[in-house]
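Take a look at the letters that make up each chain.
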Amino acid sequence: MKMLTPFLIKAAVPSPGRKAPPELTGKVDTVLGIAAWAGTAAGVAGVLITGAMMAISLKRGESSEHMGRLGMVLGGCVLVATAGPLVGFVFA
């Protein structure tokens, strides 16, 4: 019985460059810019709303977990502010 040997096919593996098409780059930059501004605006609104809720509950004499809420809002602000540099560090 004769064994068949597999055929080896040599082919060049494509290696695309890391350059994005120019028509796509502008659109992606616009979307990312809008998302960054929206994240910053949401962070500022979150801090203002949490501060207002703290003031209202202090005036009423209620105690609640506003510091935990403020910590979550500030953590989100830090995440939004450092998203760009973190991605640049990982993929650069």
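Preceding block: the structure.
Analysis parameters
Residues numbered from 1 in each chain as written. Predicted model: local features only at pLDDT ≥ 70, side-chain atom pairs only at ≥ 80, totals over all residues. Heavy atoms only, no water. Helix = DSSP H or I, 4+ residues; strand = E, 2+ residues; numbered from the N terminus. Buried < 20%, exposed > 50% of the residue type's maximum accessible area, 1.4 Å probe, protein only. Areas by Shrake-Rupley, 256 points an atom, 1.4 Å probe, with all protein chains shown as cover. 1 Å grid on protein atoms, 1.4 Å probe; cavity = no way out; pocket = protein on both sides within 12 Å on 5 of 7 lines; lining within 4 Å. Points joined across faces, edges and corners; volume = space filled by probe spheres on them. Nonpolar A, V, L, I, M, F, W, Y, C, P; charged D, E, K, R; others polar. Patch = residues over 30% accessible without salt bridge, like charges linked within 9 Å, V, L, I, M, F, W, Y side chains within 5 Å. Salt bridge = Lys/Arg side-chain N within 4 Å of Asp/Glu carboxyl O. Polar contact = N/O pair within 3.5 Å; in protein donor to acceptor, adjacent residues only side chain to side chain. Contact = heavy atoms within 4.5 Å. Axes fitted to C-alpha atoms, helices over the stretch in contact; angles between N-to-C directions. Parallel < 35°, antiparallel > 145°, perpendicular 65-115°, else oblique. Left-handed = near helix turned anticlockwise from the far one by under 90°. Expected span 1.5 Å × (residues − 1).

**Quick look at the overall build of the protein chain**
Okay, so step 1: Of regular secondary structure, the protein chain possesses 2 helices and 0 strands.
Okay, so step 2: Residue burial in the protein chain is summarised as follows: out of 92 residues, 8% are buried.
Okay, so step 3: When the accessible surface of the protein chain is split by element, carbon and sulfur atoms take 74% of a total near 8,400 Å².

**Quick notes on the layout of surface pockets**
Okay, so step 1: Approximately 170 Å³ is the volume attributed to the largest pocket.
Okay, so step 2: Around the largest pocket, the lining residues are Leu32, Ala35, Ala36, Val80, Ala81, Ala83, Gly84, Pro85 and Val87.
Okay, so step 3: Of all the secondary structure elements, the ones that give two or more residues to the lining of the largest pocket are helix H1 (22-60) and helix H2 (66-91).
Okay, so step 4: The element contributing the most residues to the lining of the largest pocket is H2, with 6 residues.
Okay, so step 5: Its residues assigned to classes, the lining of the largest pocket shows 8 nonpolar, 1 polar and no charged.

**Remarks on a nonpolar patch on the surface**
Okay, so step 1: On the surface, Val87, Phe89, Val90 and Phe91 cluster together into a nonpolar patch covering about 480 Å² of accessible area.
Okay, so step 2: Residue classification places Phe89 among the exposed residues on the basis of a relative accessible area of 68%.

**Points about the side chain of Ser57**
Okay, so step 1: Relative to the assigned elements, Ser57 resides in helix H1.
Okay, so step 2: Classification of Ser57 as buried rests on a relative accessible area of 8%.
Okay, so step 3: One polar contact links Ser57 to His66, side chain to side chain, over a distance of 3.3 Å.
Okay, so step 4: In this structure Ser57 touches Glu62, Ser64 and His66, once residues within four positions along its chain are discounted.

**Re the packing of H1 against H2**
Think of two packed helices as two axes; the pair is described by the angle between the axes and how far apart they sit.
Okay, so step 1: Close contact between H1 and H2 brings their axes to 9 Å; oriented N to C, the two are set at 165 degrees. Compared by their axis directions, H1 and H2 come out roughly antiparallel. For the element pair H1 and H2, the recorded crossing hand is left-handed. Note on element contacts: H2 touches H1 through His66, Met67, Arg69, Leu70, Val73, Leu74, Cys77 and Val80, opposite Ala36, Gly39, Thr40, Gly43, Gly46, Val47, Thr50, Met53, Met54 and Ser57.
Okay, so step 2: Tallied by class, residues from the contact of H1 with H2 come to 10 nonpolar, 7 polar and 1 charged.

**Structural notes on H1**
Okay, so step 1: Here H1 spans 57 Å end to end across 39 residues, near enough to the 57 Å set by a 1.5 Å rise per residue.
Okay, so step 2: Among all positions in H1, only Gly39, Gly43, Gly46, Thr50 and Ser57 are buried.
Okay, so step 3: Each element contacted by the buried residues of H1 is listed here: H2.
Okay, so step 4: Positive backbone phi, at 85 degrees, marks Gly61, one or two positions downstream of H1.

That's the geometry; what it means functionally is another story.
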